[in-house]
Amino acid sequence: MPTWLTVIASSFLAAAAASALIVAADILSGRRQAMWIMDVVWPVTALWSGPLGLWAYLRWGRAGSAQAASEARRRGEAPPSKRQPFPVLVAKGTTHCGSGCTLGDIVAEGLAAAVPFTLFGHRLFGRWVYAYAAAYVLGIAFQYFTIAPMRGLSVKDGLIAAIKADTLSLTAWQVGMFGWMALARFALFGREIPRSSPVFWFMMQIAMFLGFATSYPVNWWLLRRGIKEKM
């Protein structure tokens, strides 16, 4: 890998790690989210989006704290996190989906290293199978622990609602993410990028931004239809 690209990749990864730590520390310092799953979503979002994710958390994420929600209820108001502009609500719903994808991809990379799987002559496609499966399981779990408590659903009904809410969103995210990684593998580099290289994980960060872009319109539709809950 070119030295300049490795330096850029390492810098972006370091900034993302620092951003995720700052978000996590802020949440743990007394700003736990009213919806506990968002305690996971925001640091994971910052892990791939870096300073942009940190800015989004400071700008909109803090409004979702349990304290802010409690104060709003005492005034007879809706929680401030639910009164944000609709495009922001869609973005939060998209990052909620993206967190499951991010964690799923990390799990998949470890699984692929331990149990390599080749599909159509390429290990990349085999890793995509692992990644989609892991992301789907985690994504459904994320949605279940959001929707079931808010709607007071049983386990069965909660899982059905979670599947309806996350299947299209997660698939759209993976389309953007896999598309970029395929472009990097076959067009930009023409070979597999070593997993030990910062460049690989930098490409994954870029892939997450593309996943966000392809999933955002789907989440807009899901929220408009009331299939997904506002974060």
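Placed above this text is the structure.
Residues numbered from 1 in each chain as written. Predicted model: local features only at pLDDT ≥ 70, side-chain atom pairs only at ≥ 80, totals over all residues. Heavy atoms only, no water.

*Asks:* Explain the nonpolar core to me, please; I cannot follow it from the model alone.
*Replies:* Side chains that are nonpolar tend, in soluble globular proteins, to be buried together. Grouped together as the largest cluster of nonpolar side chains are 29 residues, with contacts concentrated most on Trp 173, Met 181 and Met 203. For this core, the secondary-structure elements that each account for two or more residues are α1 (3–28), α5 (86–114), α6 (123–151), α7 (155–188) and α8 (198–224). Residue contributions to this core peak at eight residues, all from α7. With residues up to four places along the chain from it excluded, the contact list for Met 181 reads Leu 124, Phe 200, Met 203, Met 204 and Ala 207. Counting residues in each nonpolar core, the second largest holds 14 residues, with Ile 27, Met 38, Phe 142 and Met 231 among its members. (Core = buried A, V, L, I, M, F, W, Y, C linked by side-chain atoms within 4.5 Å. Buried < 20%, exposed > 50% of the residue type's maximum accessible area, 1.4 Å probe, protein only. Helix = DSSP H or I, 4+ residues; strand = E, 2+ residues; numbered from the N terminus. Contact = heavy atoms within 4.5 Å.)

*Asks:* Looking at this structure, I do not really get the packing of helix α2 (residues 38–49) against α5. What am I missing?
*Replies:* Any two packed helices are characterised by how steeply their axes cross, that is the angle between the axes, and by the distance between the axes. Look at α2 against α5: their axes get within 9 Å of each other, and the N-to-C directions meet at 75°. One way to sum up the angle between α2 and α5 is to call them roughly perpendicular. Note on element contacts: α5 touches α2 through Lys 92, Thr 95, His 96, Ser 99, Thr 102 and Leu 103, opposite Met 38, Val 40, Val 41, Trp 42, Val 44, Thr 45 and Trp 48. Residue composition of the contact of α2 with α5, by class: seven nonpolar, five polar and one charged. (Axes fitted to C-alpha atoms, helices over the stretch in contact; angles between N-to-C directions. Parallel < 35°, antiparallel > 145°, perpendicular 65-115°, else oblique. Nonpolar A, V, L, I, M, F, W, Y, C, P; charged D, E, K, R; others polar.)

*Asks:* Please clarify how the pattern of salt bridges should be interpreted in this entry.
*Replies:* Working definition: two side chains of opposite charge can pair if their charged atoms are close together. Per the stated rule, a full pass over the model turns up eight salt bridges. For Arg 31, the salt bridge identified is with Asp 26, shortest N-O distance 2.9 Å. Exposure remark for Arg 31: the relative accessible area of 32% places this residue in the partly exposed category. With a closest N to O distance of 3.6 Å, Glu 77 and Arg 83 form a salt bridge. Among the charged side chains, a network of salt bridges with common partners joins Arg 127, Arg 185, Glu 192 and Arg 195. (Salt bridge = Lys/Arg side-chain N within 4 Å of Asp/Glu carboxyl O.)

*Asks:* Could you clarify how one ought to interpret α6 in this entry?
*Replies:* Owing to its 3.6 residues per turn, the α-helix brings residues three or four apart onto one side. With 29 residues, α6 extends 41 Å between its outermost C-alpha atoms, agreeing within 8% with the 42 Å of an ideal straight helix rising 1.5 Å per residue. Positioned one or two residues after α6, Gly 152 has a phi angle of 65°, which is positive. (Expected span 1.5 Å × (residues − 1).)

*Asks:* Would you explain a nonpolar patch on the surface in this entry?
*Replies:* A grouping of Leu 52, Trp 55, Phe 209 and Leu 210 is seen on the molecular surface, where their side chains present a nonpolar patch of about 380 Å² in accessible area. Contributing elements (two or more residues each) for the nonpolar patch: α3 (51–59) and α8. We classify Phe 209 as partly exposed; its relative accessible area is 34%. (Patch = residues over 30% accessible without salt bridge, like charges linked within 9 Å, V, L, I, M, F, W, Y side chains within 5 Å. Areas by Shrake-Rupley, 256 points an atom, 1.4 Å probe, with all protein chains shown as cover.)

*Asks:* I tried to follow α3 on my own but got confused; where do I start?
*Replies:* All of the buried residues along α3 are Gly 53, Leu 54, Ala 56 and Tyr 57. Across the axial projection of α3, the buried residues extend over an arc of 160°, all falling on one side. Buried residues along α3 sit in contact with α1 and α2. (Arc of directions from axis to C-beta.)

*Asks:* When you look at the environment of Ala 69 in this model, what are you seeing that I'm missing?
*Replies:* Mapped onto the elements of the fold, Ala 69 is located in helix α4 (residues 66–74). In sequence terms Ala 69 and Ala 34 are 35 residues apart; their C-alpha atoms lie 6.7 Å from each other. Not counting residues up to four positions away in its chain, the partners in contact with Ala 69 are Ala 34, Pro 79 and Pro 80.

Worth remembering: the numbers are spatial, not functional.
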